[in-house]
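Report on the structure
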Number of protein chains: 2
Amino acid sequence: MSKQWILKNRPDGTPKDSDFELKDVELPSLKQGEIKIRNKYISVDPYMRPKMSANEDSYTEAYALNGVIDGMSIGEVVESESDKFEKGDLVMNFSGWVDEAIVSEDKAKKVDTRGLPDVYFMSILGMTGATAYFGLLHVAQAKSGDTVFVSAAAGAVGSTVVQIAKAMGMTVIGSAGGREKVEFVKSLGADDVIDYKDEQPVYEQLKAFAPDGIDVYFDNVGGDHLDAALGNAKVNARFAICGMISGYNKSDNVEFENFWQVIAKRIQIRGFLYNDFQSSLPEFESQLAVWLQKGLVKEKHSEVQGIENVVEAFKGLFEGNNIGKMIVKV
Amino acid sequence: MSKQWILKNRPDGTPKDSDFELKDVELPSLKQGEIKIRNKYISVDPYMRPKMSANEDSYTEAYALNGVIDGMSIGEVVESESDKFEKGDLVMNFSGWVDEAIVSEDKAKKVDTRGLPDVYFMSILGMTGATAYFGLLHVAQAKSGDTVFVSAAAGAVGSTVVQIAKAMGMTVIGSAGGREKVEFVKSLGADDVIDYKDEQPVYEQLKAFAPDGIDVYFDNVGGDHLDAALGNAKVNARFAICGMISGYNKSDNVEFENFWQVIAKRIQIRGFLYNDFQSSLPEFESQLAVWLQKGLVKEKHSEVQGIENVVEAFKGLFEGNNIGKMIVKV
């Protein structure tokens, strides 16, 4: 019997419990080329929210109504009708919010943990870490000596950006909401941290920390942070636009006071998706392994226990509850 | 006696006649290393508007109150105390809205017309043409086969972008206001032209002309055109942000409905200024000379006669009166 979260209603704004349902599903027997996986870790990510809407303009295909919410997960092979996998193999897969799944052999990837904890492959060595790495170094082309501004710096991607930037000798200004998160970002090595719940606008706080301006902005939230970054950019600044959590649950328009600075400062703005960098994953993995080994970068995540709490964990993303990557341990 | 336009008041919104004054000024005698120039052509450009405000955040230094409005001009040397110039030389200079000026020898550049009309060096072979060329090919990296959208396509820069894009085998959609300008842009070779004064929103018109989306957007106006381009971008589209005329006289914020597409479509947005490409001017000049010779690109400008009509010509830029580059013939 597999427990599977399905999408019952398309959420209107912030997702509610009633938009989802946990079902017990009898799995069929394996066909040739298939494996049965028992998931150990399930990922909940902001990008899942737009996929829950019917909006045809979403990044990727919308989830089907009454279908399973798929996404990254790591599990153990418990049965195999594939020559490529055997029982006990640890595999990355995309079965998502389920505890057990039958997956075709070409939809799973064996994980060589190289002695590292397997949960790392859901966070710093997985999609989260790769998004931080490629966004900072490939998209924004940040280099040693740059002043880098990172929003949602206590979050999954942001906290990794902070650490990579520090590992490479950049000056880092993070932004986070509330004292606990601000302290966490400082503990990651950020030179200065903006508290966006503070009375003073982000623009003013950023100006105080970077009076000469910023070279790079790694955007995880859009909105006033992006506008503040535009207003504090140095000439030839590069912005990597990773995902705008603040916009996921809203259909509000985006308003900028400082967009004209794109010309005045010759700013480069580039949006990106993790998927675009598949061919560079080996570079990322070997670099991160080195930094982890040297202690320059540390893995951090928030963990929620049990398949029944997946929706709770997911909703937490939009309440700003998590520190580091949010992972459900099945 | 030199006639010189000075800035009397910093304009509030759209410039008025009373913001300027035409003065008669006695020029001193030449010092060693100086030349006296009698201007033949004077340029009026949108970028001059923000320089009339005291805003410290403008692209470049603000004009001084009661100072001369400087800018690109072409004139003839009428007196020389320099070894580098002799009487009769045609020179590009930056004396601006004046009929006669004394200029240091290092602030003038001899023009070799290569048999082309001298007015070309104020338009297609000057800053206007170079802005079009570098924005389209260096910033947006447009290439043969691309679908290119150009706003203000009847204007100075836009009309040159249309022609260069067609000369290189791109599909071009222009935008202009009113039937006369739309016809003009079509006559330049544009495949389709949006009339932004039409009832149908720019977004819808662009969607109809480019159902598969655009590869490149050359932005001259910002606002709804930029938003429409975001909403109709192909994956990996490149936007060159050249100047936002519509924003020059306003302090309104910019609002986007489609900014999230920056991520979904991995759009690259880059602002640029003509000044950044000085080292590539020889490439531009030789390429344009070839296209002009082959008839692939044609020079177009609007001309106003007389130093006393400079302000009139300048104000016209913001009323959308000009077709092609606006030049005052002294």
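Residues numbered from 1 in each chain as written. Chains lettered and ligands numbered in written order. Predicted model: local features only at pLDDT ≥ 70, side-chain atom pairs only at ≥ 80, totals over all residues. Heavy atoms only, no water.

**Quick word on unusual backbone geometry**
Threshold: A helix here means a DSSP run of H or I that spans at least four residues, while a strand means a run of E at least two residues long, and both kinds are numbered starting from the N terminus.
Phi is positive for A:R266, close to 50°, though the residue is something other than glycine. Within the chain, B:Q141 stands out as a residue other than glycine whose phi angle is a positive 50°. Relative to the helices and strands, B:Q141 is located in the loop between helix 2 (127–139) and strand 8 (147–150).

**Digging into the pairing of strand 12 (residues 233–241) of chain B**
All names here are of chain B. The condition that has to hold: In this description, strands pair whenever DSSP reports at least two bridges between them.
Note that strand 11 (residues 214–219) and strand 12 share five bridges and pair parallel. What sits directly across from I214, in strand 12, is A233. Sheet analysis places strand 12 next to strand 14 (residues 268–271), joined by four bridges and oriented parallel. When the sheet's bridge partners are listed, F239 is paired in strand 14 with I269.

**A few points about the relation of the copies chain B and chain A**
Test applied: Alignment of copies: least-squares fit on C-alpha atoms of residues with pLDDT of at least 70 in both copies. Contact between two residues is taken to exist if any of their heavy atoms lie within 4.5 Å; hydrogens are not considered.
In screw terms, the move from chain B to chain A is a rotation of 180° and a rise of 0.0 Å along the axis, fitting with an RMSD of 0.0 Å. Both chain copies can therefore be described as sitting about a two-fold axis. When C-alpha positions in chain B are compared against the rotation axis, the closest is assigned to B:E255, at 2.1 Å. Taken as a fraction of all interface residues of chain B, those also at the interface in chain A reach 100%, which identifies the copy contact as same-surface.

**Quick look at the domain arrangement of chain A**
All names here are of chain A. Stated precisely, the cut-off is as follows: The start and end points of each domain follow an automatic or database-based domain assignment. A quick way to say it: buried area is the sum, across both parts, of accessible area lost when two parts are put together, with a 1.4 Å probe. Salt bridges are identified by distance alone: a Lys or Arg side-chain nitrogen within 4 Å of an Asp or Glu carboxyl oxygen. Lys, Arg, Asp and Glu make up the charged group, whereas Ala, Val, Leu, Ile, Met, Phe, Trp, Tyr, Cys and Pro make up the nonpolar group; the residues left over, Gly among them, are polar.
Considered domain by domain, chain A is made up of domain 1 (2–122 + 301–329) and domain 2 (127–275). Taking both partners together, domain 1 and domain 2 bury about 1400 Å²; carbon and sulfur atoms supply 65% of that area. Between the two partners, domain 1 and domain 2, sit zero salt bridges. A class-by-class count of the residues in the side of domain 1 that touches domain 2 yields nine nonpolar, six polar and three charged.

**Considering the pattern of salt bridges**
All names here are of chain A. Put simply, the rule is: Exposed residues in this analysis have more than 50% of their type's maximum accessible area, buried residues have under 20%, and partly exposed residues fall in between, with area computed by a 1.4 Å probe over protein chains only.
Under the defined criterion, the tally for this structure stands at 30 salt bridges over all chains. In this structure, the salt-bridge partner of K109 is E285, at a minimum N-O distance of 3.9 Å. Of this pair, K109 sits in strand 7 (residues 108–110) while E285 sits in helix 9 (residues 281–293), and the two are 176 residues apart along the sequence. With its nearest N and O atoms 2.8 Å apart, the salt bridge here joins K166 to D191. In this pair, K166 sits in helix 3 (residues 156–167) while D191 sits in the loop between helix 4 (179–187) and strand 10 (192–195), placing the two residues 25 residues apart along the sequence. In this structure K166 comes out as partly exposed when scored by relative accessible area, which is 28%.

**Let's talk about the packing of aromatic side chains**
Residue and element names in this part refer to chain A. Inclusion rule: Think of it this way: a Phe, Tyr or Trp ring, Trp meaning its six-membered ring, pairs with another when their centres are within 6.5 Å, and the plane angle makes it stacked under 30 degrees, edge-to-face over 60, tilted otherwise. Here, over-ring charges are defined by two tests on the NZ atom of lysine or the CZ atom of arginine: distance to the ring centre within 6 Å, and angle to the ring normal within 35 degrees.
Under the definition given, this model contains 31 aromatic pairs over all chains. When the ring of Y217 is compared with that of F239, the centres are 5.4 Å apart and the planes differ by 80°; the resulting orientation is edge-to-face. Of the two residues, Y217 is situated in strand 11 (residues 214–219) and F239 in strand 12 (residues 233–241); the sequence distance between them amounts to 22 residues. Residues Y217 and F239 agree in their burial class; the two are buried. An aromatic cluster is built from Y133, F134, F218, F272, F277, F284 and W291, whose rings are joined through pairwise contacts. Its end group placed over the ring of Y63, K51 keeps NZ or CZ at 4.7 Å from the ring centre.

**What to know about the sheet that holds strand 11 of chain B**
The condition that has to hold: Lines are fitted to the C-alpha atoms to define the axes, a helix being fitted only along its stretch in contact, and any angle between axes, read from their N-to-C directions, falls within 0 to 180 degrees.
Strand order across the open sheet formed by 12 strands is 10(A)-9(A)-8(A)-11(A)-12(A)-14(A)-14(B)-12(B)-11(B)-8(B)-9(B)-10(B), with mixed pairing between neighbours. Every other strand in the sheet has two partners, leaving strand 10 of chain A together with strand 10 (192–195) of chain B as the edge strands with one partner each. Each strand axis lies, on average, 15° off the axis of its neighbour in the sheet, ignoring direction. Relative to strand 10 of chain A, strand 9 (residues 171–176) of chain A runs parallel, the two being bridged by four bridges. Looking across to strand 10 of chain A, one finds that A:G174 is bridged to A:V193. In this fold helix 5 (residues 202–209) of chain A packs onto strand 8 (147–150), strand 9, strand 10 and strand 11 of chain A, with an angle of close to 165° to the strand it touches most, strand 10 of chain A. On the sheet, helix 3 (residues 156–167) of chain B packs against strand 8, strand 9 (171–176) and strand 11 of chain B and is oriented at approximately 165° with respect to strand 9 of chain B.

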